Amino acid sequence: MSKQDSFWFKSLRWIQKKLVHTIVVPQDPFDDLNLDSSRPLVYVMKTESVSDIAALSEITDKLGLPSPYASLEVNGRRTPRVVCLGGAKPLFGQREDNEYYLDTFTQLLTSHKQNPELDVQLVPVSLYWGRTPGKEDDTMKAAVLERESPTWLRKCLMILFLGRHNFVQFSNAMSVRYMADEHGTDKRIAQKLARVARVHFRRQRKVMTGPVLPNRQNLFHALLKSESMQKAIQEEAQSKKVSEEKARETAMQYLDEIAADYSDSLVRIAERFLTWLWNKLYKGINIKGAEQIRKLHHDGHEIVYVPCHRSHMDYLLLSYILYYQGMVPPHIAAGINLNFWPAGPMFRRGGAFFIRRSFRGNKLYTAVFREYLDQLFTKGYSVEYFTEGGRSRTGRLLAPKTGMIAMTLNSVLRGVERPVTLVPVYLGYDHVMEVATYHKELSGKKKKKESVWQVFGAIRKLGNFGQGYVNFGEPITLHNYLTEQVPTWREELAKDPEQKPTWLTPVVNTLANRVMTRINDAAAVSSVTLTSLVLLASEQNALERSLLEKQLNLYLTLLKQLPYTEFASVVEDDGATLIAQGLELKKLQLDSDPLGDIISIDDSIAVAMTYYRNNIIHLMVLPSLIANCLTQQDNCSRETIISTVEDFYPLLQAELFMGVEDIPGYVSQMLDLFIEQQLVVESNGFKVNPEKENQLLLLAGTVSETMQRYAIIFNILATTPDIERSSLESDSHQLAQRLGALHGITAPEFYDKKLYGTLSVKLKELGYLSDNANLQQIERIRNRANQLLRSSVKQTIVDSVHAEHHA
């Protein structure tokens, strides 16, 4: 009878099973890692441990992986399924020599030398009983529960107290065949393998637990002693005519107001509460791209998460997801408005640091905040902030606030040695709790101040919110970005470190826009966002069920066959399932008559549903514009359609943060897809298939309000080419309000003054608002915009502009 089958071992495993709850990272190793089920597999663990192997065994059974207790036969010889780098630490005395464990690596390499067909996968497996990073002034408690290399007694205590917080992390497999072919099979290579594995485990632990936590007061005193803070304190004392001691006290108060006070114990408690909360609210959280972020952490990058801001839930959701994906929750820059009792102290213990809305005129506060942020980067804490500055009220991304991005870039310029990488994150929901209040605020109602009663009120209204979505976008490593934008930036800084570079502001602005574009590049298409996109383009926000299903299936085909980016995600279900989900969430309304079912959006929530449509409108706006060209212009040529899209794309890019680099290529591929779907035929221009005309008209409807905005702007520009930018903004906004009243446009963004401001900035950049503007080009774009409108809408715009500017 084998050791693991003995009564003693079975009893220990049974007890451990009752005490332990294990979380697997990643949740599906076969999907997220490079594991191959057809090749033999050996697990690599840091130290030999009965309890670790028992915990691993429970997980491998559930995942369909080989059991660590099942030995592997290689070349007719039995080989252990688990290879360890070292033995368990004894209660007293020294750990045994590692020679025995090295022999197993040597045997595996020798087997590959003997059998050229053999290719064993080495899969590193890390186990963490609790995830406390430790503190700079650790106490006896940390010694008793020491996790790096515990004795069997300490391991028993860890299982007893931390067994419900056990994490098992699988890593990408390493091919022994590759190692044998590339480096040989002698003992020296086995030693190298073991060294590489030790480095891997050390880095993996850092990713999972994070750097050690500082003593808060010691950190404050160290920050105040820095050269830049000493200088800021002296300047504050001189400008305010107070003593340096008084200025130092003020700086200490600012630090106390700003700084986080991260508590692993609170995070563990919060994890239980949030698990209950997400299970109550959502049927699932869909995650894409977490593995690439784990790799960045593992490679030593300082990670700055820059998510979009939809809801107060964003703070909780991203931290929770990162925790369960085997990464440390970041330190989050939260608005000072959230520092109210009891949420403020809890957020602070969860890693939030608080930031005032404006630093203007307060040099000492700016210096304190900058020094604190530098310290976070230097110590290796990941950071999170919202570049929009506040929650989006329309569902579109807001124009970025550049303050935090500028400070992050300045930290790099001041010499942060580790690579600092921005990670754009798209957060999406089938239901955003605050949507109703957003539209009240947009209609003029004053925003309520955050308070504990709002928190209780929100919890009381919890219900079925469908699904949540967390997509990680393409990262931006700032050292590489700076080299791309300013190849000589290092040399320039070396000459004069104190001088602000002239290129810094434009480089920050370009970076902020790139971040926003990459957030949108990672958008998630869901049942709610896609059904709202279709129905809001219909005349009465209603369609026959069969037609809605067809339209949804068409959009799903377009999105999957010509993906917007590799970072975006599209729901896997079909049109019928998406409708069922929308009905279940009470986002859609079902009416039946003898002729069949009608699916609609109720008038009472139609404005609210524009929020969800706007989350993904950028994914479908170009297909919609192409459909608009096809339905409004007979026998339209491929070249004309490409030229039309190229005319309007810079404005679409400015307001929707789009990143399509090859417009002619994208339009041509989309037209080919239209032909494949039998929407059109190409013969001396494009002709619409009469049987599919309704589908094309519906698709064209998505861009109609956008084209109305552009028609307003270019009709005004063509009539008064010398108009001032501010006048163009106010006249456009005024005409939009008139158009909306006459033609029933209810989407909040149609009346958004800031949007017309964004468009006017882009028009100035494109040269349409200069003294030498190309009037012929303006008139051509005006004519194209007018051609793409319904005749009644076009007439309203033309008559209104004529009346206004020829009065």
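Quick caveat, the model's predicted, so the values are computed rather than measured. (Residues numbered from 1 in each chain as written. Predicted model: local features only at pLDDT ≥ 70, side-chain atom pairs only at ≥ 80, totals over all residues. Heavy atoms only, no water.)

*Asks:* Looking at this structure, how should I read the pairing of strand 2 (residues 41–47)?
*Replies:* The two faces of the sheet receive side chains in turn, since in a regular strand these alternate between them. Among the seven residues in strand 2, five count as buried, and that is most of the element. Pairing of strand 2 with strand 6 (residues 121–129) involves four bridges; the strand directions are parallel. Looking at strand 6, one finds that Tyr43 is bridged to Val123. Alignment of strand 2 against strand 5 (residues 82–86), held across four bridges, turns out to be parallel. (Buried < 20%, exposed > 50% of the residue type's maximum accessible area, 1.4 Å probe, protein only. Helix = DSSP H or I, 4+ residues; strand = E, 2+ residues; numbered from the N terminus. Pairing = 2+ DSSP bridges.)

*Asks:* Help me understand the side chain of Thr610, please; the structure alone is not making it clear to me.
*Replies:* Residue position: Thr610 is located in helix 26 (residues 606–632). In this structure the side chain of Thr610 is engaged in a polar contact, spanning 2.5 Å, whose partner is the backbone oxygen of Val607. (Polar contact = N/O pair within 3.5 Å; in protein donor to acceptor, adjacent residues only side chain to side chain.)

*Asks:* Help me understand unusual backbone geometry, please; the structure alone is not making it clear to me.
*Replies:* Excluding glycine, residues mostly carry a negative phi; peptide bonds, for their part, are mostly trans. In this structure, Pro26 follows Val25 across a cis peptide bond, with omega equal to -10 degrees. One can find Pro26 in the loop between strand 1 (22–25) and helix 2 (29–32). Phi angles above zero are rare outside glycine, and Lys241 is one such case at about 55 degrees. In this fold, Lys241 is placed in the loop between helix 10 (227–240) and helix 11 (244–258).

*Asks:* Would you take a moment to explain the sheet that holds strand 18 (residues 542–544) for this structure?
*Replies:* Within a sheet, neighbouring strands are paired by backbone hydrogen bonds and run either parallel or antiparallel to one another. Here we have three strands laid out as an open sheet, ordered 18-21-20, and antiparallel in their pairing. The open sheet has two edge strands with one neighbour each: strand 18 and strand 20 (589–593). The average undirected angle you get between the axes of adjacent strands in this sheet is 25 degrees. In this sheet, strand 21 (residues 596–600) lies alongside strand 20 in antiparallel orientation, the contact comprising five bridges. Looking across to strand 21, one finds that Asp591 is bridged to Ile598. Against the sheet, helix 24 (residues 545–561) touches strand 18, strand 20 and strand 21, its axis set at about 100 degrees to strand 18. (Axes fitted to C-alpha atoms, helices over the stretch in contact; angles between N-to-C directions. Contact = heavy atoms within 4.5 Å.)

*Asks:* Explanation requested: the pattern of salt bridges in the structure shown.
*Replies:* Opposite charge on two side chains makes pairing possible when the charged atoms of those side chains draw close. As enumerated under the stated definition, the model contains 26 salt bridges in all. A salt bridge links Arg356 to Glu257; the shortest N-O distance between them is 2.9 Å. Taken together, the positions of Arg356 in the loop between strand 12 (352–355) and helix 16 (363–379) and Glu257 in helix 11 put the pair 99 residues apart, joining distant regions of the chain. Residue classification places Arg356 among the partly exposed residues on the basis of a relative accessible area of 27%. (Salt bridge = Lys/Arg side-chain N within 4 Å of Asp/Glu carboxyl O.)

*Asks:* Honestly, a nonpolar patch on the surface in this entry has me stumped. Any pointers?
*Replies:* A cluster of nonpolar residues, Ile15, Leu19 and Leu160, forms a patch on the protein surface that exposes about 250 Å² of accessible area. Relative to the assigned elements, Ile15 resides in helix 1 (residues 7–19). (Patch = residues over 30% accessible without salt bridge, like charges linked within 9 Å, V, L, I, M, F, W, Y side chains within 5 Å. Areas by Shrake-Rupley, 256 points an atom, 1.4 Å probe, with all protein chains shown as cover.)

*Asks:* Help me understand the packing of aromatic side chains, please; the structure alone is not making it clear to me.
*Replies:* Aromatic ring pairs are reported here in terms of the distance separating the ring centres and the angle at which the planes meet. Here the structure, examined in full by the defined rule, presents 20 aromatic pairs. Look at Phe167 and Tyr323: their rings are 5.5 Å apart centre to centre, the planes differ by 85 degrees, and that puts the pair in the edge-to-face class. Taken together, the positions of Phe167 in strand 7 (residues 166–170) and Tyr323 in helix 14 (residues 313–324) put the pair 156 residues apart, joining distant regions of the chain. Of the residues examined, Tyr323 reaches a relative accessible area of 4% and is grouped as buried. By way of ring pairs, the aromatic residues Phe167, Trp278, Tyr282, Tyr320, Tyr323, Tyr324, Tyr429 and Phe465 are connected into one cluster. (Phe/Tyr/Trp six-rings, centres within 6.5 Å; stacked < 30°, edge-to-face > 60°.)

*Asks:* Please clarify how helix 27 (residues 638–656) should be interpreted in this entry.
*Replies:* Each α-helix winds once per 3.6 residues, and so residues spaced three or four apart point in a common direction. The largest bend in helix 27 is about 40 degrees, located at Phe648, with the proline Pro650 one to four residues further on. In terms of burial, helix 27 is a largely internal element, 14 of the 19 residues being buried. (Bend = angle between axes of the 7 residues up to and from the residue.)

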